[in-house]
Amino acid sequence: MWEYLVVFISDSKVAEDQKEIDVHLDADTFTEKLNKYGEAGWELVAFTWETDGAKAAFKRQKSS
């Protein structure tokens with residue numbers, strides 16, 4: 001049996017203010033946050049970029 005978690009990770013919006021900067025400027029910040037969920041036993045199953053950040057879905061085996 002699985003349990004699921006969906007989280008929204010906010011973006012700093014720096015890239016919106018400075019068009020010459022890559023829109024995924026905060027990728028390292030996203031990676032750090034995703035790694036924290038991984039350390040807690042969550043497996044990333046979906047990731048989508050949104051206007052103000054990204055949405056991530058995780059799953060892990062439910063403890064009995």
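Every chain's residues receive numbers from 1 upward, in the order its sequence appears when written. Totals for whole chains, interfaces and linings use all residues, but because this is a predicted model, local features are given only for residues with pLDDT of at least 70 and pairs of side-chain atoms are given and counted only at 80 or more. Hydrogens are left out, water is left out, and the side-chain values use all remaining heavy atoms of the structure.

Peer 1: Go over the packing of aromatic side chains, please, and point to the residues and values.
Peer 2: Only centres within 6.5 Å qualify two rings of Phe, Tyr or Trp (six-membered ring in Trp) as a pair; their planes then separate them into stacked at under 30 degrees, edge-to-face at over 60, and tilted for everything else. A complete count under the given rule lists four aromatic pairs for this structure. When the centroid spacing of 6.4 Å and the interplanar angle of 85 degrees are considered together, the rings of F30 and F47 count as edge-to-face. One end of the pair, F30, is in helix α2 (residues 27-39); the other, F47, is in strand β2 (residues 43-50), with 17 residues separating them in the sequence. Classification of F30 by relative accessible area gives buried; the value is 3%. For a lysine, the NZ atom is tested; for an arginine, the CZ atom; a charge sits over a ring if that atom is within 6 Å of the ring centre and within 35 degrees of the ring normal. Directly above the ring of W2 sits K59, whose terminal nitrogen or CZ lies 4.0 Å from the centroid. Segments assigned H or I by DSSP are reported as helices when at least four residues long, segments assigned E as strands when at least two residues long, and all are numbered from the N terminus. With a 1.4 Å probe rolled over the protein chains alone, any residue whose accessible area is under 20% of its type maximum counts as buried; one over 50% counts as exposed, and the rest are partly exposed.

Peer 1: An account of the sheet that holds strand β3 (residues 53-61) is needed here, citing residue identities and associated values.
Peer 2: As a general point, the strands of a sheet are linked pairwise by backbone hydrogen bonds and lie either parallel or antiparallel. Only when DSSP finds a minimum of two bridges between them are two strands counted as paired. Pairing is antiparallel across the open sheet formed by three strands, whose spatial order is β1-β3-β2. Each of the sheet's edge strands pairs with one partner strand only, and the pair in question is β1 (2-10) and β2. Each strand axis lies, on average, 15 degrees off the axis of its neighbour in the sheet, ignoring direction. Relative to β3, β2 runs antiparallel, the two being bridged by seven bridges. Bridging from a neighbouring strand, T48 pairs with K55 of β3. In this description, contact between two residues means that some pair of their heavy atoms is separated by no more than 4.5 Å. Helix axes are fitted to C-alpha atoms over the stretch in contact, other axes to C-alpha atoms as well, and angles between N-to-C directions run from 0 to 180 degrees. Helix-sheet contacts for α2 involve β1, β2 and β3, and the interaxial angle to β1 is about 160 degrees.

Peer 1: Talk me through the nonpolar core; I want residue IDs and the actual numbers.
Peer 2: One finds V7, I9, F30, L34, W42, A54, A56 and F58 forming the largest nonpolar core, which totals eight residues. When residues in this core are grouped by element, the largest group, three residues, is from β3. Once you skip the residues sitting within four places of it in the chain, I9 turns out to touch F30, K33, L34, D52, G53 and A54. Put simply, a nonpolar core is a bunch of buried Ala, Val, Leu, Ile, Met, Phe, Trp, Tyr and Cys residues held in one set by side-chain atoms that sit within 4.5 Å of each other.

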